[in-house]
Amino acid sequence: MASYLLKNASLASFAGTEPYGLIENGAVLVEKGQIRWVGPASQAPAAEQAYDLKGRLVTPGLIDCHSHIIYGGSRAHEFEMRLNGASYVDIAKAGGGILSTVKATRAATEDELVAQALPRLDALLSEGVTTLEVKSGYGLDTKSEITMLKAARKLGQARAVDIVTTFLGAHALPPEYKENRAGYLSLICQEMLPAMIGLADAVDAFCENIAFTLEETAQLFEAARKLGLPVKLHAEQLTNMGASRLAASFNALSVDHVEYLDQDGIDSIAKSGTVAVLLPGAFYYLREKQSPPVAGLRQAKVPMAVATDLNPGTSPVHSLLTAMNMACVLFGLTPEEALRGTTLNAAKALGLKDRGQIATGMKADLAIWNTDRPGNLSYPLGLNPCAAVIRNGALIRGSLA
Ligand code: DI6
Ligand code: FE
């Protein structure tokens with residue numbers, strides 16, 4: 001199949017200025033894994049083959065730009081503890097939380113981590129995800145952090161998906177460094193980071209009063225900068241620490257969570273072009289009360305992305321469409337913002353310029369849906385309208401009939 005045309009499609013292209021970049025009765029020409037032409041079907045060029053999509057919606061392949069999909073063990077009991085009155089912070093302070101996942105992850109082999117992650121990954125892929133970001137951060141020693149990221153890369157060999165990796169060594173203080181924060185920071189900066197070259201595409205940290213301070217985060221970001229690694233940050237999730245301002249000063253790709261972001265933080269990330277990644281799954285599971293400042297972000301024209309934050313403790317969410325729905329219902333995003341947040345703005349959050357839009361020259365990663373309206377992707381819960389998925393121009397799921 002050298003070139004083919006998808007015609008009679010409703011295209012949510014996210015190119016141009018229209019809401020959704022919508023092109024009704026549109027066509028897309030795909031050749032050699034790339035989009036070669038996009039426009040009204042009536043003007044479509046000739047192709048060797050054509051598929052009539054009968055008015056169905058086509059979007060860019062979805063991008064989940066924040067996940068912790070590689071981990072060992074289970075934290076289901078903590079859900080019970082929280083509903084019996086313990087808080088996330090109480091559980092973390094008592095050695096549960098992230099550290100309990102660290103224990104189980106250190107005990108697992110690379111192959112075991114991959115095998116445990118595959119069913120989670122398959123759930124995401126069934127809904128049109130073609131690019132997934134995966135963080136380390138449950139190893140917290142050099143060897144286990146490397147194992148996690150190798151397992152993450154292996155997911156991209158086991159399934160038809162692009163994996164983007166992030167080193168999150170500064171996720172929690174490991175038990176063996178409990179009395180030696182500075183020692184752990186030097187381990188991260190001097191030993192772990194250099195070992196991540198080629199293995200991690202970016203560097204992240206959990207900047208929070210139960211995790212790492214502003215000063216520690218700055219130290220990490222300096223070290224990342226020296227190695228030429230881009231940064232992003234778990235910022236303003238549980239409190240406001242000015243973490244986003246710090247991230248902006250390092251030109252971070254994204255600041256993630258941002259429930260407690262204030263105007264000063266909004267102004268800083270607006271200037272640095274940093275994406276605000278909204279993670280309503282964690283907000284929902286932790287029954288948080290404070291929503292991210294969506295109106296302020298809109299006004300400052302900060303690009304907003306939406307992701308699952310798939311993790312064992314605060315967001316066991318295996319559906320990007322559900323995260324989009326939650327972003328609408330819980331945070332007040334419009335369905336247009338939610339879909340832009342899992343396509344164009346999610347690509348931005350990962351620093352990827354070759355995807356997230358249906359436009360000439362982009363990678364041909366496309367999802368085809370059993371609906372004609374893009375707003376419907378954020379509407380139902382528990383119904384999967386994904387009809388087909390194309391990755392690098394090849395049909396990898398469903399059918400175009
Ligand atoms: N914030 C989160 O929501 C996850 N990590 C983070 O820094 C939670 C991770 C966990 O509880 O296992
Ligand atoms: Fe996270």
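Computed from a predicted model, the values in this text were never measured in an experiment.

Peer 1: I'd like a description of a nonpolar patch on the surface, backed by residues and values.
Peer 2: Where nonpolar side chains cluster on the molecular surface, the patch consists of Tyr284, Val329 and Leu330 and spans about 290 Å² of accessible area. One can find tyrosine 284 in helix 10 (residues 280-285).

Peer 1: Which residues make up the side chain of aspartate 64, and what are the values?
Peer 2: Following the sequence through the fold, aspartate 64 ends up in strand 6 (residues 62-64). Although aspartate 64 is buried, it forms no salt bridge, and the closest oppositely charged side chain is lysine 135 at an N-O distance of 9.0 Å.

Peer 1: I'd like to hear about the site of ligand 1, residue by residue, with values.
Peer 2: Taken together, 14 residues lie around ligand 1, and Arg75, Tyr88, Tyr138, His171 and Thr314 are the ones closest in. Between an oxygen atom of ligand 1 and a side-chain N or O atom of tyrosine 88, the distance comes to 2.6 Å. Between glutamine 237 and ligand 1, the recorded distance is 3.1 Å, taken from a side-chain N or O atom to a nitrogen atom. Its free accessible area being 320 Å², ligand 1 has 100% of it covered by the protein chains. Residue classes in the shell around ligand 1 are distributed as four nonpolar, eight polar and two charged.

Peer 1: Account for the packing of aromatic side chains, with residues named and values stated.
Peer 2: Under the defined criterion, the tally for this structure stands at eight aromatic pairs. Aromatic pair phenylalanine 79 and tyrosine 285: ring centres 6.0 Å apart, planes at 65°, arrangement edge-to-face. Here phenylalanine 79 is found in helix 1 (residues 76-83), whereas its partner tyrosine 285 is found in helix 10, with 206 residues between them in sequence. Of the aromatic side chains, those joined through ring pairs into one cluster are Phe79, Tyr284 and Tyr285.

Peer 1: If you had to explain the pairing of strand 2 (residues 22-31) to someone new, which residues and values would you point to?
Peer 2: Relative to strand 2, strand 1 (residues 3-12) runs antiparallel, the two being bridged by seven bridges. For serine 3, the partnering residue across the bridge sits in strand 2 and is glutamate 31. Here strand 2 folds back onto strand 3 (residues 34-40) in antiparallel fashion, the turn holding two residues, of which lysine 32 has a positive phi close to 50°.

Peer 1: Requested: an account of the nonpolar core, with residues and values cited.
Peer 2: Nonpolar side chains in soluble globular proteins generally cluster together in the buried interior. In terms of nonpolar packing, the biggest core is built from 99 residues, with Ile69, Ile70, Leu155, Phe167, Tyr184 and Leu297 touching the most fellow members. Discounting chain neighbours no more than four positions away, the residues touching leucine 297 are Leu261, Ile266, Ile269, Ala276, Leu278, Val302 and Met304. Residues Tyr4, Leu11, Val58 and Ile368 belong to the second largest nonpolar core, which totals 20 residues.

Peer 1: Describe the coordination of the iron ion (ligand 2), listing the residues and the values that go with them.
Peer 2: Ligation of the iron ion (ligand 2) by protein atoms is provided by His66 (NE2), His68 (NE2), His234 (NE2) and Asp309 (OD), these donors lying 2.1 to 2.3 Å from the ion. Between the four donor atoms coordinating the iron ion (ligand 2), the angles at the centre fall across 82 to 166°, so the site counts as irregular. In the primary sequence, the donor residues of the iron ion (ligand 2) line up as H-x1-H-x165-H-x74-D. On the basis of relative accessible area, histidine 66 is assigned to the buried category, the value being 0%. Look at histidine 68 and you get buried, because its relative accessible area is 2%.

Peer 1: Any details on unusual backbone geometry? Residues and values, ideally.
Peer 2: Despite not being glycine, phenylalanine 14 has its phi angle at roughly 55°, a positive value. As for its position among the elements, phenylalanine 14 is in the loop between strand 1 and strand 2. Here phenylalanine 14 falls in the buried class, since its relative accessible area comes to 1%. One non-glycine residue, tyrosine 20, lies in the positive phi region at around 65°. Relative to the assigned elements, tyrosine 20 resides in the loop between strand 1 and strand 2.

Peer 1: An account of the domain arrangement of the protein chain is needed here, citing residue identities and associated values.
Peer 2: In many analyses, interface size is given as the accessible surface area lost on bringing the parts together. Considered domain by domain, the protein chain is made up of domain 1 (3-60 + 357-398) and domain 2 (63-349). Here the C-alpha centroids of domain 1 and domain 2 sit 30 Å apart. Taken together, the contact between domain 1 and domain 2 spans 26 residues of the former and 21 residues of the latter. Broken down residue by residue, the surface that domain 1 buries against domain 2 is led by Phe14, Ser378 and Arg391, which jointly contribute 31%. Connecting domain 1 to domain 2 are two salt bridges. In this structure, aspartate 162 engages arginine 391 in a salt bridge whose closest nitrogen and oxygen atoms are separated by 2.4 Å. Summed over the shared surface of domain 1 and domain 2, the number is seven residue pairs in polar contact (both at pLDDT 80 or more). Secondary structure elements with two or more residues in the side of domain 1 that touches domain 2: strand 5 (57-60), strand 14 (366-369), strand 15 (386-391) and strand 16 (394-398). Among the elements that take part in the side of domain 1 that touches domain 2, strand 15 stands out by supplying four residues, more than any other. Among the residues forming the side of domain 1 that touches domain 2, the class breakdown is 16 nonpolar, five polar and five charged.

The rules behind each value
- Position labels on residues start from 1 in each chain and follow its written sequence.
- Each chain gets a letter, beginning with A, and each ligand a number, beginning with 1, in the order they are written.
- With pLDDT at 70 or above as the cut-off, local features in this predicted model cover only qualifying residues; side-chain atom pairs require 80 or more to be listed or tallied, and sums for whole chains, interfaces and linings still use all residues.
- The basis for every side-chain value is the complete set of heavy atoms in the structure, and neither hydrogens nor water enter the calculation.
- Grouping into patches uses exposed residues only, defined as over 30% relative accessible area, and leaves out salt-bridged ones; the cut-off is 9 Å for like charges and 5 Å for nonpolar side chains (Val, Leu, Ile, Met, Phe, Trp, Tyr).
- Residue-level accessible areas treat just the shown protein chains as cover; the underlying method is Shrake-Rupley with a 1.4 Å probe.
- Should a side-chain nitrogen of Lys or Arg be within 4 Å of a carboxyl oxygen of Asp or Glu, the pair is scored as a salt bridge.
- In this text, helices come from DSSP runs of H or I with a minimum length of four residues, and strands from runs of E with a minimum of two, each type numbered from the N-terminal end.
- Between buried and exposed lies partly exposed: a residue is buried under 20% and exposed over 50% of the maximum accessible area for its type, with that area taken using a 1.4 Å probe on protein chains only.
- For this count, His and the chain ends are skipped, Lys and Arg are scored as positive, and Asp and Glu as negative.
- We call a residue near a molecule or strand when any one of its heavy atoms sits within 4 Å of it.
- Between N or O atoms, a polar contact is any pair within 3.5 Å; within protein, one atom must be a potential hydrogen donor and the other a potential acceptor, and residues adjacent in sequence are included only when both atoms are from side chains.
- The classification used treats Ala, Val, Leu, Ile, Met, Phe, Trp, Tyr, Cys and Pro as nonpolar, Asp, Glu, Lys and Arg as charged, and all other residues, Gly among them, as polar.
- Between 30 and 60 degrees the pair is tilted, below 30 it is stacked and above 60 it is edge-to-face, where a pair is any two Phe, Tyr or Trp rings, Trp via its six-membered ring, whose centres lie within 6.5 Å.
- Paired strands are those between which DSSP finds at least two bridges.
- Throughout, nonpolar core names a set of buried Ala, Val, Leu, Ile, Met, Phe, Trp, Tyr and Cys residues whose side chains join them through atoms within 4.5 Å.
- Here a residue-residue contact requires only that any non-hydrogen atoms of the pair lie within 4.5 Å.
- Atoms are scored as donors when they are N, O or S and lie within 2.8 Å of the metal, with 3.2 Å used for Na, K and Ca; no water is included, so coordination may look incomplete.
- Only four donors with every angle between 85 and 135 degrees are called tetrahedral; only four or six donors with opposite donors over 155 degrees apart and all others between 65 and 115 are called square planar or octahedral, in that order; all others are irregular.
- Boundary definitions for the domains trace back to an automatic or database domain assignment.
- Put simply, buried area is how much 1.4 Å-probe accessible surface two parts lose in total, over both of them, once they are put together.

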